[in-house]
Amino acid sequence: GDSVTQMEGPVTLSEEAFLTINCTYTATGYPSLFWYVQYPGEGLQLLLKATKADDKGSNKGFEATYRKETTSFHLEKGSVQVSDSAVYFCALSHTGYSSASKIIFGSGTRLSIRP
Amino acid sequence: SAVISQKPSRDICQRGTSLTIQCQVDSQVTMMFWYRQQPGQSLTLIATANQGSEATYESGFVIDKFPISRPNLTFSTLTVSNMSPEDSSIYLCSVDGTSGSFDTQYFGPGTRLTVL
């Protein structure tokens, strides 16, 4: 079945450091790929998504490129801030023609940024 | 994107009791989903709720333990029945995107449940 494997945490970085959180997937067909973020004490927020190969999703300085050849969707940010401290979930979903399908989540990566 | 609210936001319950969690959306949606996030874990889908039909449960989840209602296109409830400490989790509802964006789900803020 479909699965998502992401970099284990926790990850601790200093402010302004470069961030990469690795994510690879196993899936049939051509799933949509997502990064969700969960800030402390809050629910999940969609951070970015990509729906086909070579698409780049971006939001709030974060980027991820859908790489079908390596089945990867790594999350990157050039300069992290303390406010980026959160848990990041990589996920996939197969698009339905009339409604959404369930999301398969990775295990989550906790990111902590030191001032 | 849809605006989703959940009630209660948190609760502390006694073993053997039941809690009903409400999920309200500000627009009509086709599918609503209920997830469980156990402490320090990822999200696991409990069931999918389509208006006007019985909910579809994932493996490992049963209707007697997690009954779901979906009376209209903007509202759903999840009941956690006969609770035990193992049910202590965050419960989140999500909805599918609006027309043209069915590949995206939007999540409510979650209900943090502690069972003593």
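The notes below deal with the structure included here. (Residues numbered from 1 in each chain as written. Chains lettered and ligands numbered in written order. Predicted model: local features only at pLDDT ≥ 70, side-chain atom pairs only at ≥ 80, totals over all residues. Heavy atoms only, no water.)

Taken as a whole, this structure holds two disulfides over all chains when the rule is applied. Here Cys23 of chain A pairs with Cys90 of chain A through a disulfide, and the sulfurs are 1.9 Å apart. Here Cys23 of chain A and Cys90 of chain A share a disulfide; its torsion about the S-S bond, -70°, makes the bridge left-handed. In this pair, Cys23 of chain A sits in strand S4 (residues 23–26) while Cys90 of chain A sits in strand S10 (residues 86–93), placing the two residues 67 residues apart along the sequence. The exposure classification of Cys23 of chain A matches that of Cys90 of chain A, with both residues buried. The partner cysteine of Cys23 of chain B in its disulfide is Cys93 of chain B, sulfur to sulfur 1.9 Å. In this structure, the disulfide formed by Cys23 of chain B and Cys93 of chain B twists by about 65° around the S-S bond and is classed as right-handed. (Disulfide = S-S within 2.5 Å. Helix = DSSP H or I, 4+ residues; strand = E, 2+ residues; numbered from the N terminus. Buried < 20%, exposed > 50% of the residue type's maximum accessible area, 1.4 Å probe, protein only.)

In the segment running from Gly9 of chain A into Pro10 of chain A, the intervening peptide bond is cis, with an omega of -5°. Along the chain, Pro10 of chain A turns up in the loop between strand S1 (3–6) and strand S2 (11–14). Pro8 of chain B follows Lys7 of chain B through a cis peptide bond whose omega is -10°. Its place among the elements puts Pro8 of chain B in the loop between strand S1 (4–7) and strand S2 (10–13).

Turning next to the sheet that holds strand S3 (residues 19–25) of chain B. All names here are of chain B. Read across the open sheet, the four strands follow the order S1-S3-S8-S7; overall the sheet is antiparallel. The open sheet has two edge strands, S1 and strand S7 (68–72), and neither has a second partner. Neighbour-to-neighbour, the strand axes of the sheet open up by a mean angle of 15°, direction not taken into account. Two elements, S7 and strand S8 (residues 75–80), share three bridges in a ladder whose sense is antiparallel. Residue Ser69 lies in a different strand from S8, and its bridge partner there is Thr77. (Pairing = 2+ DSSP bridges. Axes fitted to C-alpha atoms, helices over the stretch in contact; angles between N-to-C directions.)

Here we come to the packing of aromatic side chains. Tallied over the full model, the rule gives 10 aromatic pairs over all chains. With a centroid separation of 6.2 Å and an interplanar angle of 85°, the aromatic rings of Phe89 of chain A and Phe105 of chain A are classed as edge-to-face. Taken as a pair, Phe89 of chain A in strand S10 and Phe105 of chain A in strand S11 (residues 103–105) lie far apart in primary sequence, 16 residues in all. Since its relative accessible area comes to 1%, Phe89 of chain A is described here as buried. Under the relative-accessibility criterion, Phe105 of chain A is labelled buried at 10%. Measuring from ring centre to ring centre gives 5.4 Å for Tyr35 of chain B and Phe107 of chain B, while their planes differ by 50°; the resulting arrangement is tilted. Of this pair, Tyr35 of chain B sits in strand S4 (residues 31–37) while Phe107 of chain B sits in strand S10 (residues 105–107), and the two are 72 residues apart along the sequence. An aromatic cluster of three or more residues is present, and its members are Phe34, Tyr36, Phe89 and Phe105 of chain A together with Tyr35 and Phe107 of chain B. (Phe/Tyr/Trp six-rings, centres within 6.5 Å; stacked < 30°, edge-to-face > 60°.)

What follows is about the sheet that holds strand S7 (residues 56–59) of chain A. All names here are of chain A. Overall, antiparallel pairing links the four strands, which are arranged S3-S9-S8-S7 in an open sheet. Each edge of the open sheet carries a strand with a single partner, namely strand S3 (19–21) and S7. Taking each pair of neighbouring strands and ignoring which way they run, the sheet shows an average axis angle of 15°.

Attention now moves to the side chain of Ser42 of chain B. Here Ser42 of chain B shows up in the loop between S4 and strand S5 (43–50). A polar atom in the side chain of Ser42 of chain B sits 2.5 Å from the backbone oxygen of Gly106 of chain A. Setting aside its immediate chain neighbours within four residues, Ser42 of chain B contacts Phe89, Phe105, Gly106 and Ser107 of chain A together with Arg36 and Gln37 of chain B. (Polar contact = N/O pair within 3.5 Å; in protein donor to acceptor, adjacent residues only side chain to side chain. Contact = heavy atoms within 4.5 Å.)

All right, on to the pattern of salt bridges then. Counting across every chain of the model gives four salt bridges over all chains. Two residues, Lys56 of chain A and Glu63 of chain A, come together in a salt bridge whose shortest N-O distance is 3.6 Å. On the accessibility criterion, Lys56 of chain A (51% relative accessible area) is exposed. Note that Asp87 of chain B is salt-bridged to Lys65 of chain B, the shortest N-O span being 2.7 Å. Taken together, the residues span a long stretch of sequence, with Asp87 of chain B in the loop between S8 and strand S9 (89–96) and Lys65 of chain B in the loop between strand S6 (56–57) and S7 at a distance of 22 residues. For Asp87 of chain B, a relative accessible area of 5% translates into the label buried. (Salt bridge = Lys/Arg side-chain N within 4 Å of Asp/Glu carboxyl O.)

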